[in-house]
Amino acid sequence: MAEKIYSEEIRSNKTDLLFVVLALISYALSAWRLSVVGFMFVPGLFLFLGMLFTFYVFNYRVLKISITDKALHLKFGIIPWKTDLSNIQEITLYDAQVIIKYGGAGVHFAFVKGEYRSFYNFLEHPRVLIRFKKKQGLVKALVFTTQKPDKILEILEKRSLAT
């Protein structure tokens, strides 16, 4: 059994509010278009978006971070991520561009500066970037929100360099 070294749970009222507002707008637009044209593509699309944002409200409520002596674990609702410490090449603070910082809550993937990255983010709080020695699937780097970036950097640098 791996020894747990660090754990953190992060919540974000801003992210919750964003997804609630998007869900309500989507449901309202769906109801309005449904009353005007009946059930067609556009009302169905807005209904789908409302259900998607409702899922986001519940799934992206808490980001759980844990570090064991062997791996970094992230869990955003039902979406997990695991990286072996031995696969960490570089660890640094991540200063996101405005569009990524405020347009990237939840779990998403994007090409940034020629590398495919996975993001586990809230709208606020600092972020840490980890580059991998070996890609994990298509992903070359991982970015995630933390309230204690200095502590994460210290632990991961010490542990990953020791492996």
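The structure displayed is predicted, hence computed values, not measured ones.

**Points about the sheet that holds strand E7 (residues 115-121)**
Here is step 1: Strand order in the open sheet formed by five strands is E5-E8-E9-E7-E6, and the pairing between neighbours is mixed. Lying at the two open borders of the sheet, with one neighbouring strand each, are strand E5 (88-94) and strand E6 (106-112). Averaged over neighbouring strand pairs, the angle between their axes works out to 20° when direction is ignored.
Here is step 2: By the bridge criterion, six bridges tie E5 to strand E8 (residues 127-136) in an arrangement that is antiparallel. Paired with Tyr 94 across the bridge in E8 is Arg 127.

**Overview of the sheet that holds strand E4 (residues 79-84)**
Sheet strands associate in pairs through backbone hydrogen bonding, adopting either a parallel or an antiparallel arrangement.
Here is step 1: Spatial ordering of the open sheet is given by E1-E2-E3-E4, a layout of four strands whose pairing is antiparallel. Each end of this open sheet is capped by a strand with a single partner; those strands are strand E1 (4-11) and E4. The average undirected angle you get between the axes of adjacent strands in this sheet is 10°.

**Considering the nonpolar core**
Here is step 1: In terms of nonpolar packing, the biggest core is built from 32 residues, with Ile 65, Leu 72, Leu 74, Tyr 120, Ile 130 and Phe 144 touching the most fellow members.
Here is step 2: Top element by residues in this core is helix H4 (residues 149-162). It accounts for four residues.
Here is step 3: Other than its neighbours up to four places away in sequence, Ile 65 contacts Tyr 6, Ser 7, Glu 8, Ile 10, Leu 72, His 73, Leu 74, Phe 144, Thr 145, Thr 146 and Ile 152.

**Looking at the side chain of Arg 127**
Here is step 1: Counting through the fold element by element, Arg 127 comes out in strand E8.
Here is step 2: The side chain of Arg 127 sits in the buried core without any salt bridge; Asp 95 is the nearest counter-charge, 7.6 Å away.
Here is step 3: Among the polar contacts made by the side chain of Arg 127, one reaches the side chain of Asn 121 at a distance of 3.1 Å.
Here is step 4: A polar atom in the side chain of Arg 127 sits 2.5 Å from the backbone oxygen of Phe 122.

**Describing a positive patch on the surface**
Here is step 1: Together, Arg 11, Arg 61, Lys 64 and Lys 75 make up a positively charged patch on the protein surface.
Here is step 2: By secondary structure assignment, the location of Lys 75 is in strand E3 (residues 71-76).
Here is step 3: The partly exposed category is assigned to Lys 75, whose relative accessible area is 41%.

**Brief notes about helix H1 (residues 13-37)**
Here is step 1: Its 25 residues give H1 an end-to-end C-alpha distance of 36 Å, which sits within 8% of 36 Å, the value for a rise of 1.5 Å per residue.
Here is step 2: Summarising the contacts, the buried residues of H1 are in contact with helix H2 (41-59).
Here is step 3: Among the residues trailing H1, Gly 38 stands out with phi positive, at a value near 80°.

**Quick word on H2**
Here is step 1: Taking 1.5 Å per residue, 19 residues should reach 27 Å; H2 reaches 26 Å between its end C-alpha atoms and fits that length.
Here is step 2: Those residues of H2 that fall on the buried side of the exposure criterion are Pro 43, Gly 44, Gly 50, Phe 53, Val 57 and Asn 59.
Here is step 3: Looking at the buried residues of H2, the elements they touch are H1, E3 and E4.

**What about the pairing of strand E2 (residues 62-68)?**
Here is step 1: The buried fraction of E2 amounts to six of the seven residues, a majority that puts the element mostly inside the structure.
Here is step 2: Bridge analysis of E1 against E2 gives seven bridges, and the strand direction is antiparallel. Bridge pairing in E2 links Ile 10 to Leu 63.
Here is step 3: Where E2 meets E3, five bridges bridge the pair, whose relative direction is antiparallel. By the bridge assignment, Leu 63 is partnered in E3 with Phe 76.
Here is step 4: Between E2 and E3, which pair antiparallel in sequence order, lie two residues.

Rules behind the numbers
Residues numbered from 1 in each chain as written. Predicted model: local features only at pLDDT ≥ 70, side-chain atom pairs only at ≥ 80, totals over all residues. Heavy atoms only, no water. Pairing = 2+ DSSP bridges. Helix = DSSP H or I, 4+ residues; strand = E, 2+ residues; numbered from the N terminus. Axes fitted to C-alpha atoms, helices over the stretch in contact; angles between N-to-C directions. Core = buried A, V, L, I, M, F, W, Y, C linked by side-chain atoms within 4.5 Å. Buried < 20%, exposed > 50% of the residue type's maximum accessible area, 1.4 Å probe, protein only. Contact = heavy atoms within 4.5 Å. Lys, Arg positive; Asp, Glu negative; His and termini not counted. Salt bridge = Lys/Arg side-chain N within 4 Å of Asp/Glu carboxyl O. Polar contact = N/O pair within 3.5 Å; in protein donor to acceptor, adjacent residues only side chain to side chain. Patch = residues over 30% accessible without salt bridge, like charges linked within 9 Å, V, L, I, M, F, W, Y side chains within 5 Å. Areas by Shrake-Rupley, 256 points an atom, 1.4 Å probe, with all protein chains shown as cover. Charge placed at Lys NZ, Arg CZ, Asp CG, Glu CD. Expected span 1.5 Å × (residues − 1).

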